[in-house]
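Residues per chain are reported as follows:
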Amino acid sequence: MTLPTTVRDVAMLLARIGVGIVFFAHGWQKLVTNGVDGTAAFFDKAGVPLPTVSAWFATGVELLGGAALILGAVVPIAGVLLALDMLGAFIFVHAGNGLFVDKGGYELVLVLGAASLLLAAVGAGRLSVDHLLTGRRAAEPAPAGRA
């Protein structure tokens, strides 16, 4: 059974916005609340390679990637970058702490990483900047004689 197109579009929009808000908030926390230097110090203690570079990467990807998901812009690229960000968080910070977040576990990074991969695979949907910019062209039939 497949849901009606409008229902799927709204579901994708809500999922993108929800996941995007969480990423944006974490990027904002790294930039403003903790500061990139504080984030880098934490990354250094956690054994993250190149902690300052990694802190800037995580901050930028979470802020810009979160905003991209909310808007529905460059979602396949943002989704892959955010999934990689979560893979790093899993490997270097959360994997050894079990599943549950209250014990420092990986449940949040697992769900965010999986959601990011799913969005990268299926795209932003029709209620998005991506669709406004490319959807009409993709929906047009190819000229006769071309595939």
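Here is what the cut-offs are and how they apply
Residues numbered from 1 in each chain as written. Predicted model: local features only at pLDDT ≥ 70, side-chain atom pairs only at ≥ 80, totals over all residues. Heavy atoms only, no water. Helix = DSSP H or I, 4+ residues; strand = E, 2+ residues; numbered from the N terminus. Expected span 1.5 Å × (residues − 1). Buried < 20%, exposed > 50% of the residue type's maximum accessible area, 1.4 Å probe, protein only. Contact = heavy atoms within 4.5 Å. Axes fitted to C-alpha atoms, helices over the stretch in contact; angles between N-to-C directions. Parallel < 35°, antiparallel > 145°, perpendicular 65-115°, else oblique. Left-handed = near helix turned anticlockwise from the far one by under 90°. Nonpolar A, V, L, I, M, F, W, Y, C, P; charged D, E, K, R; others polar. Arc of directions from axis to C-beta.

Describe helix α2 (residues 35–46), listing the residues and the values that go with them.
Its 12 residues place the ends of α2 17 Å apart at the C-alpha level, agreeing with the 16 Å of an ideal helix rising 1.5 Å per residue. Those residues of α2 not exposed but buried are Gly35, Val36, Thr39, Ala40 and Phe43. Buried residues belonging to α2 abut α1 (5–33) and α3 (51–71). Positioned one or two residues after α2, Gly47 has a phi angle of 85°, which is positive.

Provide a residue-level description of the packing of α2 against α3, including the pertinent values.
At a minimum axis separation of 8 Å, α2 and α3 run at an interaxial angle of 120°. The angle between α2 and α3 places the two elements in the oblique class. The handedness of the crossing between α2 and α3 comes out as right-handed. Here Val36, Thr39, Ala40, Phe43 and Asp44 of α2 lie close against α3, whose contacting residues are Pro51, Thr52, Ser54, Ala55, Trp56, Ala58 and Thr59. Of the residues in the contact of α2 with α3, the class split is 7 nonpolar, 4 polar and 1 charged.

An account of helix α4 (residues 75–94) is needed here, citing residue identities and associated values.
Taken as a whole, α4 has its buried residues at Val75, Ala78, Gly79, Leu82, Ala83, Asp85, Met86, Ala89 and His94. Seen from one end, α4 has its buried residues packed into an arc of 160°, which puts them on one side.

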